[in-house]
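Structural description and commentary
If you want the building blocks of each chain, they are given just below.
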Amino acid sequence: VEELAAEYESKAKFVKLNVYFNPQTSAKYGVRSIPTLLVFKGGAPVGQVVGAVPKSVLQARLEDAMSV
């Protein structure tokens with residue numbers, strides 16, 4: 001995720017949330033497993049990746065969300 005954040009720094013914003021300190025936000029977006037990556041566009045979730053996946057999968061999801 002850190003590598004993608006560096007690669008997309010002018011196109012996307014990457015933010016981490018500690019689910020233990022923010023249980024209401026976690027519940028709001030249905031986060032039940034860690035790690036979970038949520039992709040937002042215009043303030044609304046448009047994608048989600050659950051579990052440890054290769055960088056290529058994260059990059060594909062990010063590209064999909066950016067093209068919508």
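Our subject in this report is the structure included herewith.

What follows deals with the packing of aromatic side chains. Going through the model one piece at a time under the given rule, you end up with one aromatic pair. The interplanar angle of 90 degrees and the centroid separation of 5.1 Å between the aromatic rings of Y29 and F40 together place this pair among those described as edge-to-face. With Y29 in the loop between α2 (23-28) and β1 (36-41) and F40 in strand β1, the pair connects residues that are 11 residues apart, well separated along the chain. Here Y29 falls in the partly exposed class, since its relative accessible area comes to 26%.

With that settled, consider the side chain of S26. Mapped onto the fold, S26 is located in helix α2. Since its relative accessible area comes to 7%, S26 is described here as buried. Setting aside residues no more than four positions away along its own chain, S26 makes contact with L17, V19 and V31.

One pass over the full model with this rule turns up three salt bridges. The closest approach of N and O atoms between E2 and K16, which form a salt bridge, is 3.1 Å. In this pair, E2 is assigned in helix α1 (residues 2-7) and K16 in the loop between α1 and α2, connecting sequence segments 14 residues apart. The class for E2 is exposed, based on a relative accessible area of 52%. The class for K16 is exposed, based on a relative accessible area of 70%. Connected through salt bridges with shared partners, the residues E3, E7 and K55 form a single ionic network.

Scoring rules and cut-offs
Residues numbered from 1 in each chain as written. Predicted model: local features only at pLDDT ≥ 70, side-chain atom pairs only at ≥ 80, totals over all residues. Heavy atoms only, no water. Phe/Tyr/Trp six-rings, centres within 6.5 Å; stacked < 30°, edge-to-face > 60°. Helix = DSSP H or I, 4+ residues; strand = E, 2+ residues; numbered from the N terminus. Buried < 20%, exposed > 50% of the residue type's maximum accessible area, 1.4 Å probe, protein only. Contact = heavy atoms within 4.5 Å. Salt bridge = Lys/Arg side-chain N within 4 Å of Asp/Glu carboxyl O.

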